[in-house]
Amino acid sequence: NAGVTQTPKFQVLKTGQSMTLQCAQDMNHNSMYWYRQDPGMGLRLIYYSASEGTTDKGEVPNGYNVSRLNKREFSLRLESAAPSQTSVYFCASSEYAGTYEQYFGPGTRLTVT
Amino acid sequence: AQSVTQLDSHVSVSEGTPVLLRCNYSSSYSPSLFWYVQHPNKGLQLLLKYTSAATLVKGINGFEAEFKKSETSFHLTKPSAHMSDAAEYFCVVSDEASYDKVIFGPGTSLSVIP
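Residues numbered from 1 in each chain as written. Chains lettered and ligands numbered in written order. Predicted model: local features only at pLDDT ≥ 70, side-chain atom pairs only at ≥ 80, totals over all residues. Heavy atoms only, no water.

Student: Can you break down the overall build of chain B residue by residue, with the values?
Tutor: The helix and strand inventory of chain B stands at zero helices and 12 strands. Tracing chain B from N to C terminus, the helices and strands come up as β-β-β-β-β-β-β-β-β-β-β-β. Once the C-alpha set of chain B is aligned to its principal axes, its extents read approximately 45 × 30 × 20 Å. Looking at the 114 residues of chain B, the share that counts as buried comes to 43%. A separation of at least 24 residues holds for 57% of the contacts in chain B among residues at least 6 apart in sequence. Each charge class in chain B can be summarised by its mean position, and for the 8 positive and 10 negative side chains these summaries are 2 Å apart. (Helix = DSSP H or I, 4+ residues; strand = E, 2+ residues; numbered from the N terminus. Buried < 20%, exposed > 50% of the residue type's maximum accessible area, 1.4 Å probe, protein only. Contact = heavy atoms within 4.5 Å. Lys, Arg positive; Asp, Glu negative; His and termini not counted. Charge placed at Lys NZ, Arg CZ, Asp CG, Glu CD.)

Student: Could you give an account of the environment of threonine 5 of chain B, with specific residues and numbers?
Tutor: All names here are of chain B. Residue position: threonine 5 is located in strand S1 (residues 3-6). Sequence separation of threonine 5 and tyrosine 89 is 84 residues, and the distance between their C-alpha atoms is 12 Å. What threonine 5 contacts, discounting residues up to four positions off in sequence, is Arg22, Cys23 and Asn24.

Student: Please set out the pairing of strand S4 (residues 31-37) of chain A residue by residue, giving values where relevant.
Tutor: Residues and elements named next belong to chain A. Counting buried residues in S4 gives seven out of seven residues, a clear majority hidden from the surface. Side chains of S4 alternate between two faces, with Ser31, Tyr33, Tyr35 and Gln37 and Met32, Trp34 and Arg36 buried alike. Across seven bridges, the pairing between S4 and strand S9 (residues 87-94) is antiparallel. For glutamine 37, the partnering residue across the bridge sits in S9 and is valine 88. Pairing of S4 with strand S5 (residues 43-49) involves six bridges; the strand directions are antiparallel. Bridge pairing in S5 links methionine 32 to serine 49. (Pairing = 2+ DSSP bridges.)

Student: Describe in detail the sheet that holds strand S1 (residues 4-7) of chain A, supporting the description with residues and values.
Tutor: Residues and elements named next belong to chain A. Across the sheet, four strands lie side by side as S1-S3-S8-S7; this open sheet has antiparallel pairing. Single-partner strands in this sheet number two, and they are S1 and strand S7 (64-68). The average angle at which neighbouring strand axes cross in this sheet is 15°, direction not considered. Direction of pairing for strand S3 (residues 19-25) relative to strand S8 (residues 74-78): antiparallel, over a ladder of three bridges. The residue of S8 that forms the bridge with leucine 21 is leucine 76. (Axes fitted to C-alpha atoms, helices over the stretch in contact; angles between N-to-C directions.)

Student: Which residues make up the state of the cysteines, and what are the values?
Tutor: Residue and element names in this part refer to chain A. All chains considered together, the criterion is met by two disulfides over all chains. Residue cysteine 23 pairs covalently with cysteine 91 via a disulfide, S to S 1.8 Å. Disulfide cysteine 23-cysteine 91: torsion about the S-S bond near -70°, hence left-handed. Placement of cysteine 23 in strand S3 and of cysteine 91 in strand S9 is noted, with a sequence separation of 68 residues between them. Overall, the relative accessible area of 0% leaves cysteine 91 in the buried class. (Disulfide = S-S within 2.5 Å.)

Student: A description of the interface of chain B and chain A should follow, citing residues and the corresponding values.
Tutor: If you look at the interface, chain B gives 19 residues, while chain A gives 18 residues. Between chain B and chain A, roughly 1,500 Å² of surface is buried when both sides are summed, and carbon and sulfur atoms account for 57% of that area. In this assembly, chain B and chain A are joined by zero salt bridges. Counting only elements with at least two residues in the side of chain B that touches chain A, the list comes to strand S5 (31-38), strand S6 (44-50), strand S10 (87-95) and strand S11 (102-104) of chain B. (Buried area = accessible area lost by both parts, 1.4 Å probe. Salt bridge = Lys/Arg side-chain N within 4 Å of Asp/Glu carboxyl O.)

Student: How would you sum up the packing of aromatic side chains? Please name residues and give values.
Tutor: Taken as a whole and assessed by the stated rule, the structure comprises 13 aromatic pairs over all chains. Taking 6.3 Å as the distance between ring centres and 50° as the angle between the ring planes, the aromatic pair formed by tyrosine 50 of chain B and phenylalanine 74 of chain B counts as tilted. With a gap of 24 residues between them, tyrosine 50 of chain B in strand S6 and phenylalanine 74 of chain B in strand S9 (residues 73-78) connect regions that are remote in the sequence. Accessibility classification places tyrosine 50 of chain B together with phenylalanine 74 of chain B in one group, the buried group. Here a set of aromatic residues connected by ring pairs shows up, and it is made of Tyr33, Tyr35 and Phe104 of chain A together with Phe34, Tyr36 and Phe104 of chain B. (Phe/Tyr/Trp six-rings, centres within 6.5 Å; stacked < 30°, edge-to-face > 60°.)

Laid out in structure tokens, this is it:
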């Protein structure tokens, strides 16, 4: 049981480049989330998927797109990276949305120069 | 609207002494409250969770938290700190009325001095 996996672990991009962060969970969870973590700001929700086939914006969605590929996988795409998107990105999943415990992946550390 | 305040950005304790990490929340409805721990360069892991059952909640690694509705607090405690407790701790509130919103506090960094 791997839990929540994320790839890549580290990435450096130049301004304007695009990339996709991959996330997969093997716990048969319905809900999945993408967060970014910046110093002193806790975690901020970028997008979430309450169930397969649905996605919704979180607190800071600008500059990102997501795809819930199937029940297991939820990807985050940066179409044109900006230095303000330098952050650590975490994927998480939970059985259902809201009041259920979330399980987190190990994170992707992204630097945009 | 719901919100979370962690009253200390950094706490330093000596090994073997008690730990107190403070959290206050604001929620319009009956909240679910969580504490998560993040060790350096790792993802977050659930320590404990309150969901309107017992007000004193026991978690992993000897941590516990008490839900006090009158004070809108959910402080995290441990009787005796261990070096391995050094980490970032996040208090989290989820509002049943907004089932898809989970609010993270800014975090408290705990240092343990040998």
